[in-house]
Amino acid sequence: MDNKPITEQGNNIAVLWQTAHLRVTDKYETASEVIWAHGSSIGTLGNFSASTGKAKSKKTFNVSAIVAAALKNDEVLRYAVELPENKHKILYVDTEQRPYHCQKVILRALRLAGMSTDHHPENLEFLTLRQYTPEVRINIIQYAIDNTENLGLVIIDGIRDLMYDINNPSEASTLINKLMTWTDTKQIHIHTVLHLNKADDNTRGHIGTELNNKAETILQINKSEQDGDISEVKAMHIRDREFEPFAFRINEDALPELVNDYVIGKSKAKRGFSYTELTEEQHREALSNGLGNELIKGHDNLLKAIQKGYATVGFERGNNIILNLKKFLINKRMVVKEGRSYKYNSAFYY
């Protein structure tokens, strides 16, 4: 029988075990801040962040401002970027758009940065990966990160397209581990883009849950309810102090510009359900108490069972909130549909 220690990526586990030790007397450098939003740090080397928003909320326009700030190492919109001298290179990966539209993203960033559009900037690499499978996309990104000198910032516009199944917990965990490995070993910052659910303000699928748990900052871009031409930017999650939300519109030159003196008010729409309102343990207890192992027939009976179960954990809410909670539970596959009935899925991944 072979008693050699198991290995990971060619490393002996015994060696990894030794290098994983941390002591109170060890000295570590503070993570270098490289991206700020309205004065608050939202991106450091060795970490990753994300922009989220629903369709047509202008997420890519928002990211263009971050890239423009990185290109000029200065402030654009409300974003300020300062990449170190030896990490001035930017890698932009687009997984969704055709080359023509990707080129428009580059041109927009250059114009925002006040740079010439007659030649491609030396510190920007742009990859269009729409035509490839998720596995090939990941391998190309891996190669680019490994072989781009002086790399400091990576934009992945469309992280969902690095997965086959957005609700697969194994795929989500593997992809997030990739982000952590790339950022940590290369000491770069990665900023990703992911859609929000149509039904609520929660990031999509298991990858959204993993991003919420692991990213140092998640920006949320919403279309204004006061003016459909305005997009609002706020911090959904942030490790640093929360910055003051700001808003932008697309001007006559097709560039995002700040909307001064804009007041972001509270939505008058029905309040949704945020995953942060309850813990995983509370969800499990409520669903067990309300649905148990029974098949619940019909939509109305399901709502009653959810309302009853969540009341047992102190979450007593009216019909509108329970309706949004039901959508959340189904989106996260905490409740699954079988024919015309519904069932509590105790094997859900939170």
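So, here is what we can say about the structure in this document. (Residues numbered from 1 in each chain as written. Predicted model: local features only at pLDDT ≥ 70, side-chain atom pairs only at ≥ 80, totals over all residues. Heavy atoms only, no water.)

1. Structural notes on the overall build of the protein chain
To keep it simple, the criterion reads: Helical segments are the DSSP runs of H or I of at least four residues, strand segments are the runs of E of at least two, and each set is numbered from the N terminus. Here the globule rule reads 2.2 Å times residues to the power 0.38, and the radius of gyration is calculated from C-alpha atoms. Remark: exposure states derive from per-residue accessible area (1.4 Å probe, protein chains only) relative to the maximum for the residue type, with buried under 20%, exposed over 50%, and partly exposed in between. A contact between two residues is defined here by any heavy atoms of the two lying within 4.5 Å. In this description, accessible areas are obtained by the Shrake-Rupley approach with a 1.4 Å probe, and a residue is regarded as covered only by the protein chains that are shown.
If you tally the helices and strands in the protein chain, you get nine helices and 18 strands. Taken over the C-alpha trace, the protein chain has a radius of gyration of 22 Å; the compact-globule value for 350 residues is 20 Å, and the two agree within 12%. Taken along the three principal axes of its C-alpha coordinates, the protein chain extends 70 × 65 × 45 Å. Residue burial in the protein chain is summarised as follows: out of 350 residues, 47% are buried. Considering only contacts within the protein chain whose residues lie at least 6 apart along the sequence, 66% involve residues at least 24 apart. Carbon and sulfur atoms provide 45% of the accessible area of the protein chain, an area that totals close to 18,800 Å².

2. Topic: unusual backbone geometry
Backbone geometry at Leu77 places phi at a positive 60°, although glycine is not the residue there. As for its placement among the helices and strands, Leu77 is situated in the loop between strand 6 (75-76) and strand 7 (79-81). Positive phi is not limited to glycine here, since Arg333 has a value of about 55°. With respect to the helices and strands, the residue Arg333 is situated in the loop between helix 9 (319-331) and strand 17 (335-338).

3. Structural notes on the packing of aromatic side chains
Defined as follows: Side-chain rings of Phe, Tyr and Trp (the six-membered ring for Trp) are treated as a pair once their centres are within 6.5 Å; stacked means planes under 30 degrees apart, edge-to-face means over 60, and tilted covers the remaining angles. Note on criteria: charge over ring means Lys NZ or Arg CZ within 6 Å of the ring centre, with the direction from the centre no more than 35 degrees off the ring normal.
Within the structure shown, the criterion is met by four aromatic pairs. Measuring from centroid to centroid gives 5.6 Å for Tyr79 and Phe246, while their planes differ by 80°, and the two rings are edge-to-face. On the criterion of sequence distance, the pair formed by Tyr79 in strand 7 and Phe246 in strand 14 (residues 246-250) is long-range, its members being 167 residues apart. Like Tyr79, the residue Phe246 is buried in the burial classification. Each ring, one from Tyr310 and one from Phe315, has its centre 6.1 Å from the other, and the planes form 70°; the classification is edge-to-face. Neither Tyr310 nor Phe315 differs from the other in exposure class; each is buried. The positively charged end of Arg108 is found above the aromatic ring belonging to Phe61, 3.7 Å away from the centroid. The side chain of Arg317 reaches across the aromatic face of Phe315, ending 4.1 Å from its centre.

4. Considerations on helix 4 (residues 134-147)
Keep this limit in mind: By this rule, a helix spans an expected 1.5 Å times one less than how many residues it contains. By construction, the arc corresponds to the directions joining the helix axis to the C-beta atoms.
Across its 14 residues, helix 4 extends 20 Å between first and last C-alpha, which sits within 8% of the 20 Å expected from 1.5 Å per residue. The complete set of buried residues in helix 4 reads Pro134, Arg137, Ile138, Ile141, Ala144 and Ile145. The buried residues of helix 4 occupy an angular sector of 125° when projected down its axis, which confines them to one face. Opposite the packed face of helix 4, turned more than 90 degrees from it, sit the exposed residues Glu135 and Tyr143. Tucked inside the fold, the buried residues of helix 4 contact strand 8 (89-94), strand 9 (124-128), strand 10 (151-157) and helix 5 (169-186).

5. As for the nonpolar core
Condition: We call a set of buried Ala, Val, Leu, Ile, Met, Phe, Trp, Tyr and Cys residues a nonpolar core when their side-chain atoms join them within 4.5 Å.
In this structure, Ile42, Leu71, Tyr79, Tyr92 and Phe243 are the most contacted members of the largest nonpolar core, which totals 42 residues. Here this core takes nine residues from helix 2 (residues 59-72), the largest share from any one element. Setting aside residues no more than four positions away along its own chain, Ile42 makes contact with Ile35, Trp36, Ala37, Ser49, Tyr79, His189, Glu216, Thr217, Leu219, Ile238 and Phe243. Core analysis: the next-biggest nonpolar cluster, separate from the first, contains 30 residues, Ala50, Ile176, Ile207 and Ala215 among them.

6. Thoughts on the layout of surface pockets
Test applied: Here a cavity denotes a set of grid points, spaced 1 Å apart and computed over the protein atoms alone, in which a 1.4 Å probe fits but from which it cannot get out, and a pocket denotes an open set meeting protein on both sides within 12 Å along at least five of seven lines; residues with an atom within 4 Å of a point are reported as lining. Grid points are joined across faces, edges and corners, and a volume is the space filled by probe spheres set on the points. We call Asp, Glu, Lys and Arg charged. Ala, Val, Leu, Ile, Met, Phe, Trp, Tyr, Cys and Pro are nonpolar, and the rest, Gly among them, are polar.
Looking at the second largest pocket, its volume works out to about 390 Å³. In this structure, the second largest pocket is lined by 16 residues; those nearest its centre are Lys56, Lys59, Thr60, Phe61 and Gln97. Where the lining of the second largest pocket is concerned, the elements lending two or more residues are helix 2, helix 3 (99-112) and strand 11 (189-195). Sort the elements by how many residues they give to the lining of the second largest pocket and helix 3 lands first, with four residues. Partitioning the lining of the second largest pocket into residue classes produces four nonpolar, five polar and seven charged.

7. A look at the pattern of salt bridges
We apply this condition: Salt bridges are defined as contacts in which a side-chain nitrogen from Lys or Arg sits within 4 Å of a carboxyl oxygen from Asp or Glu.
Enumeration over the complete set of coordinates arrives at four salt bridges. Across the salt bridge formed by Lys89 and Glu125, the nearest N and O atoms sit 3.7 Å from each other. Linking Lys89 in strand 8 with Glu125 in strand 9, this pair joins segments that are 36 residues apart in sequence. On the accessibility criterion, Lys89 (15% relative accessible area) is buried.

8. Some details on the packing of helix 5 against helix 6 (residues 205-214)
Applied cut-off: A fitted line through C-alpha atoms represents every axis, and for helices the fit uses only the stretch in contact; the resulting angles, taken between N-to-C directions, go from 0 to 180 degrees. Rotating anticlockwise by less than a right angle from the far helix to the near helix defines a left-handed crossing, while the corresponding clockwise rotation defines a right-handed one.
Look at helix 5 against helix 6: their axes get within 8 Å of each other, and the N-to-C directions meet at 40°. Viewed along their axes, helix 5 and helix 6 form a crossing whose handedness is right-handed. Side by side, helix 5 and helix 6 meet where Pro169, Ala172, Ser173, Leu175, Ile176 and Met180 of the first sit next to His206, Ile207, Glu210, Leu211 and Lys214 of the second. Of the residues contributing to the contact of helix 5 with helix 6, the split by class is seven nonpolar, two polar and two charged.

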